[in-house]
Amino acid sequence: MSKTPTIQVKNLSRHFSVHDKKPGLKSSITSLFHRPKRIVKAVNNVSFDIKEGELVGFIGPNGAGKTTTLKCLSGLLYPTKGKISILDFNPWQRKKEFLRQIGFVMGQKNQLWWDIPPQETFLLNKAIYEIDNKAYKERLDFLIDALDIKKEISIQTRKLSLGQRMKCEFVAALIHSPKIVFLDEPTIGLDVVMQDKIRDFIRDYNKEFKATIILTSHYMKDVQALCKRLIIIDKGKLYYDGDISKLKNGLTNKKLLTLTFKEEVSKDKLEKFGKLTKFEQLRATILVDRKKTSTIAAQALKELPITDLNIEDIPLEQTIKEVFQR
Amino acid sequence: MLVSFFILFYFWAAVSETNQGVGSYTRPQLYAYFIVGYVIRTLVFSTRTGDIGGAITSGDLSKHLLRPLSVLKFFFTRDLVDKLFNIFFMIFEFAFILFILKPQMILPSPKNLFYFLSLLVLAIVIFFFYSLVVSLATFWTDQAWSHRWLFGVVLVNIFSGQAIPLDLLPTPIFNILKFTPFPYLYYYPVKFWIDDSLNASFLPLFIQSLLILLVLFFLSRFFWKKGLIKYQGYGN
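Quick caveat: nothing in here was measured; it's all calculated off a predicted structure.

Definitions and limits used
Residues numbered from 1 in each chain as written. Chains lettered and ligands numbered in written order. Predicted model: local features only at pLDDT ≥ 70, side-chain atom pairs only at ≥ 80, totals over all residues. Heavy atoms only, no water. Helix = DSSP H or I, 4+ residues; strand = E, 2+ residues; numbered from the N terminus. Buried < 20%, exposed > 50% of the residue type's maximum accessible area, 1.4 Å probe, protein only. Contact = heavy atoms within 4.5 Å. Phe/Tyr/Trp six-rings, centres within 6.5 Å; stacked < 30°, edge-to-face > 60°. Lys NZ or Arg CZ within 6 Å of the ring centre and 35° of its normal. Buried area = accessible area lost by both parts, 1.4 Å probe. Salt bridge = Lys/Arg side-chain N within 4 Å of Asp/Glu carboxyl O. Domains from an automatic or database assignment. Nonpolar A, V, L, I, M, F, W, Y, C, P; charged D, E, K, R; others polar. Pairing = 2+ DSSP bridges. Axes fitted to C-alpha atoms, helices over the stretch in contact; angles between N-to-C directions. Patch = residues over 30% accessible without salt bridge, like charges linked within 9 Å, V, L, I, M, F, W, Y side chains within 5 Å. Areas by Shrake-Rupley, 256 points an atom, 1.4 Å probe, with all protein chains shown as cover. Lys, Arg positive; Asp, Glu negative; His and termini not counted. Charge placed at Lys NZ, Arg CZ, Asp CG, Glu CD.

*Asks:* Now, about the overall build of chain A: what can you tell me, with residues and values included?
*Replies:* A tally of helices and strands in chain A yields twelve helices and 13 strands. In terms of its C-alpha atoms, chain A occupies a principal-axis envelope of roughly 75 × 60 × 45 Å. Considering chain A as a whole, with its 326 residues, one finds that 49% of them fall into the buried category. A fraction of 72% describes how many contacts in chain A between residues 6 or more apart in sequence connect residues 24 or more apart.

Structure follows, in structure tokens:
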């Protein structure tokens, strides 16, 4: 892996101006003459570097600025402030040499041509990216095998299921072997089996081609399964940038203690060990201080009729939720 | 388009019935004005540039911007391919019109045919850039169709001469229109088919057409560059 960052983002901001309008006919007429305008800071002074071959998770709640950041990185949006350098290109200039080296999969946006089979879109991309016949065939065969879509590529795009279409979107976005891949919620709306397949594909692709990948997703499983590094953004601001494991330790100093009992135990007895997060007849989950976990577990074993005890980290999803609720 | 053609044709046929013509136009000239005009309407005014406005508001423009190709050249090529399809269908429609109406047609001399074709090609390119500029205004208006309807359809239909030969309008209005792209889209090309009295002014008109094309070309580039800065890539 090269030490020079492939992606450098410095003080990136992207603001949008939006118009506010009250409901109703009267305000519709008024808005013809006067529309209150306000500025939304979708991305606000964000900086980070990403090295070649890294697979980085980029997460945040709805409207956090994830997609806007990716759009700035891919050259779709003009940054209000700040600098972006990708493979030494300024994305906004949309130079052909730059565009040849990036791929963008948008989970909620179709890039395949709707009225023709995906294989026709692939052929069109072959011409646009000027891929020679041999390289195209090798690449297409690899992607078709990896995503298992031999039969689907000859069916009209509009007739494909969401999962089939998403796999074809991957082929269209990667047929030209991009060095940088932006994946914007690629598993959204897919069933669990399909999500797993897409995750496996992304992992293998990253390993095999050493592509630098930025992945945004609302599914923590995607991020947990694929990324070592996480960037969290909220309300346009960078909240965290680092290892997933460090996030758990750094942002929460708690662990979950799950206890199974021989006989019913009262709530009062359990609450003295920590914050009770789940309470059933013969089972309870308690949030305890990370440092005191072993002491508390030993004490609980001594005082309560326990048949089973389990200590685990707080799921990433819950950690993130806590972060955003702070 | 065939229906609107027949409405216009029969309207002007009725108007010209009493005096066997209108203004300086004889009946065969009027027939030719609208029948040849049908070819012009098919070739010049069929454009897919309206899709650009829709792509801006829906965010679909992003898929074009991500590819290493000139988006405007892509749309221009698509327009030309569309016109090729239109030519195929137009042959049948044109044969149908001639079969139904069996009009007395004026055929141009080879020289006038050359003038007609030259201005027709220019009209196709002028309308592409005119329509492009109207579509690119969507970057600022946030919705695609109202200004397109006004500038891309209504004004073009009235002032290009599709409905009424422009020299039948009051002279001051006609003189003002000469400084707009509209007469160069329909009126002048068809005029060179039906009337050789204009032949001496072909070169100045051709140069004027080129100038209008140049203005629209640079205007579209300017709108494109400035518009991309405004582009918000809606819809995720």
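*Asks:* Go over the packing of aromatic side chains, please, and point to the residues and values.
*Replies:* Counting across every chain of the model gives 47 aromatic pairs over all chains. Aromatic pair phenylalanine 104 of chain A and phenylalanine 182 of chain A: ring centres 5.6 Å apart, planes at 50 degrees, arrangement tilted. Placement of the pair is phenylalanine 104 of chain A in strand S5 (residues 102–106) and phenylalanine 182 of chain A in strand S6 (residues 180–184), with a sequence separation of 78 residues. In this structure phenylalanine 104 of chain A comes out as buried when scored by relative accessible area, which is 3%. Seen from their ring centres, phenylalanine 5 of chain B and phenylalanine 6 of chain B are 5.3 Å apart, and the 65 degrees between their planes marks the pair as edge-to-face. Phenylalanine 6 of chain B gets classed as buried once you look at its relative accessible area, which sits at 16%. These aromatic residues form a ring-pair network of at least three members: Phe5, Phe6, Phe9, Tyr10, Tyr31, Tyr38 and Phe96 of chain B. Taking NZ or CZ as reference, arginine 139 of chain A lies 4.4 Å from the ring centre of phenylalanine 209 of chain A, over its face. Sitting above the plane of the tryptophan 113 of chain A ring, lysine 63 of chain B keeps its charged end 4.2 Å from the centroid.

*Asks:* Requested: an account of the interface of chain B and chain A, with residues and values cited.
*Replies:* On the side of chain A, 27 residues touch chain B, which itself brings 23 residues to the contact. In total, about 2,300 Å² of surface goes out of reach between chain B and chain A, with carbon and sulfur atoms giving 56% of it. Inspection of the region where chain B meets chain A yields one salt bridge. Between lysine 109 of chain A and aspartate 60 of chain B there is a salt bridge, and its shortest N-O distance comes to 3.4 Å.

*Asks:* Before we move on, can you summarise the domain arrangement of chain A with the specific residues and values?
*Replies:* All names here are of chain A. Partitioning chain A into structural domains gives domain 1 (52–80 + 90–248) and domain 2 (253–325). Between the C-alpha centres of domain 1 and domain 2 the distance comes to 39 Å. Buried surface at the junction of domain 1 and domain 2, both sides included, amounts to about 950 Å², of which 77% is carbon and sulfur. Run the count over domain 1 and domain 2 and you get zero salt bridges. Broken down by element, the side of domain 1 that touches domain 2 gets its largest block of residues, four residues, from strand S8 (residues 229–234). Split by residue class, the side of domain 1 that touches domain 2 holds nine nonpolar, two polar and two charged.

*Asks:* I'd like a description of the sheet that holds strand S9 (residues 237–243) of chain A, backed by residues and values.
*Replies:* All names here are of chain A. With mixed pairing, six strands are arranged side by side in an open sheet as S5-S6-S7-S3-S8-S9. Each having just a single partner strand, S5 and S9 make up the two edges of the open sheet. For this sheet the average axis-to-axis angle between neighbouring strands, irrespective of direction, equals 15 degrees. Bridging between strand S3 (residues 55–59) and S8 involves four bridges; their strand directions are parallel. Each residue of the ladder has a partner; that of valine 56, found in S8, is arginine 229. Contacts between helix H2 (residues 66–73) and the sheet are confined to S3, S5, S6, strand S7 (212–216) and S8, with S6 contributing the most and set at about 155 degrees to the helix. Each of S3, S6 and S7 touches helix H7 (residues 192–209); the most contacted strand, S7, lies at about 155 degrees to it.

*Asks:* Summarise a positive patch on the surface; cite the residues concerned and give the values.
*Replies:* A surface patch of positive charge is lined by Lys96 of chain A together with Lys73, Arg221 and Lys225 of chain B. Classification of arginine 221 of chain B as partly exposed rests on a relative accessible area of 42%.

*Asks:* Explain the pattern of salt bridges to me, using residue names and the numbers behind them.
*Replies:* All names here are of chain B. Tallying each qualifying case throughout the model produces 18 salt bridges over all chains. A salt bridge links lysine 191 to aspartate 195; its shortest N-O distance comes to 3.9 Å. The same class applies to lysine 191 as to aspartate 195, namely buried.

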